[in-house]
Amino acid sequence: MKKYRFLYYLSLMGLLSIGISSCQKDNFEAPKTRFTGHLVYQGKPIQVKNTGDQISAVYFELWQSGFGKSGAINVYLNQDGSFSALLFNGDYRLVIPSSQGPFLSLENEQTHSDTIPLSLHGSTDMDIEVLPYYMVDKADFSIGTDSVVTATASISKIITDNRAKDIESVSLYVNRTAFVDEDNKIAFGSIAGSDITNLSSIKLTAKIPEDISGGNIGVADQDYFYARVGVKISGVDDRIFSEIVKVQLK
């Protein structure tokens, strides 16, 4: 009988131990330090693709030594180049993978590499400077009664040394919502890079369909749309865009 009573107490202590351990795990405080900012070139935000399902969105990595971590924290960019992440206070290393973005990372003066040291002690807003291959300086949009959106754009080639890349194409994207890119569009027009003779004067058109996928979604049901211009750079997966503009159907 004493043996069974001993086993009972032993089991009970084991359950209490597991319970206390579980409570300790549940009681971990959530991160509260907010790290925000933009990826910029000379103070101008880098416009990229909608974050969406994050599969093809642009991101950078945060690495922190210790704490049993084995991987990076990926921080994804919004369309306007902004980012926001909730983190614990501490020291991090910020790295933009070479496969990410229509730009190159700059050398950090402190590390003499593309790794940026980041020390968080309270919420921090910080812009990260990068070097884009191209920038869309200006993009104006108009829409006619024929439901044709016309874009006029001016583009600057930023990298002109041996790291320079050609333009593969420039495209006009139009969508019903404020999420606009190559995967979020209802109308599209494009010109090949080899057909562009003047980067300061590029004209594109795209006709908004009256009925989309049989859903009666189009000109008949909406009198405004959103548009932006995107530049596809040879050998670079991510496009650089203009800002998103709301265009009103006249």
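Residues numbered from 1 in each chain as written. Predicted model: local features only at pLDDT ≥ 70, side-chain atom pairs only at ≥ 80, totals over all residues. Heavy atoms only, no water.

1. Re the overall build of the chain
Reasoning step 1: Summing up its helical and strand segments, the chain has one helix and 18 strands in all.
Reasoning step 2: In the chain, which comprises 250 residues, the share counted as buried stands at 41%.
Reasoning step 3: With an accessible surface of roughly 14,200 Å², the chain has 50% of that area assigned to carbon and sulfur atoms. (Helix = DSSP H or I, 4+ residues; strand = E, 2+ residues; numbered from the N terminus. Buried < 20%, exposed > 50% of the residue type's maximum accessible area, 1.4 Å probe, protein only. Areas by Shrake-Rupley, 256 points an atom, 1.4 Å probe, with all protein chains shown as cover.)

2. Describing the sheet that holds strand β6 (residues 90-95)
Reasoning step 1: If you walk across this open sheet you meet the four strands as β4-β3-β6-β8, and the pairing is antiparallel. Strands with a single pairing partner mark the edges of an open sheet, and in this sheet they are β4 (73-76) and β8 (116-120). Pairwise comparison of adjacent strand axes, ignoring direction, gives a mean angle of 35 degrees for this sheet.
Reasoning step 2: Bridge count between strand β3 (residues 59-63) and β4: four bridges; the pairing is antiparallel. Looking at β4, one finds that F60 is bridged to V75. (Pairing = 2+ DSSP bridges. Axes fitted to C-alpha atoms, helices over the stretch in contact; angles between N-to-C directions.)

3. Some words on the sheet that holds strand β12 (residues 148-157)
Reasoning step 1: In space, the three strands of this open sheet follow the order β11-β12-β15, with antiparallel pairing throughout. Each edge of the open sheet carries a strand with a single partner, namely β11 (134-143) and β15 (202-207). Pairwise comparison of adjacent strand axes, ignoring direction, gives a mean angle of 25 degrees for this sheet.
Reasoning step 2: For β12 and β15, the ladder comprises six bridges, and the chain directions are antiparallel.

4. Some details on the packing of aromatic side chains
Reasoning step 1: Using the criterion set out here, one finds seven aromatic pairs in the structure.
Reasoning step 2: Seen from their ring centres, F35 and F83 are 5.1 Å apart, and the 55 degrees between their planes marks the pair as tilted. With F35 in strand β1 (residues 33-41) and F83 in strand β5 (residues 82-87), this residue pair connects regions lying 48 residues apart in the sequence.
Reasoning step 3: By relative accessible area, which is 0% here, F35 ends up buried.
Reasoning step 4: In this structure F83 comes out as buried when scored by relative accessible area, which is 2%.
Reasoning step 5: Here the aromatic residues F35, F60 and F83 are joined through ring pairs into a cluster of three or more.
Reasoning step 6: Between the NZ or CZ atom of K185 and the centre of the ring of F188, over which it lies, the distance is 5.7 Å.
Reasoning step 7: In this structure, K246 is placed above the aromatic ring of Y224, and the distance from its NZ or CZ to the ring centre is 4.4 Å. (Phe/Tyr/Trp six-rings, centres within 6.5 Å; stacked < 30°, edge-to-face > 60°. Lys NZ or Arg CZ within 6 Å of the ring centre and 35° of its normal.)

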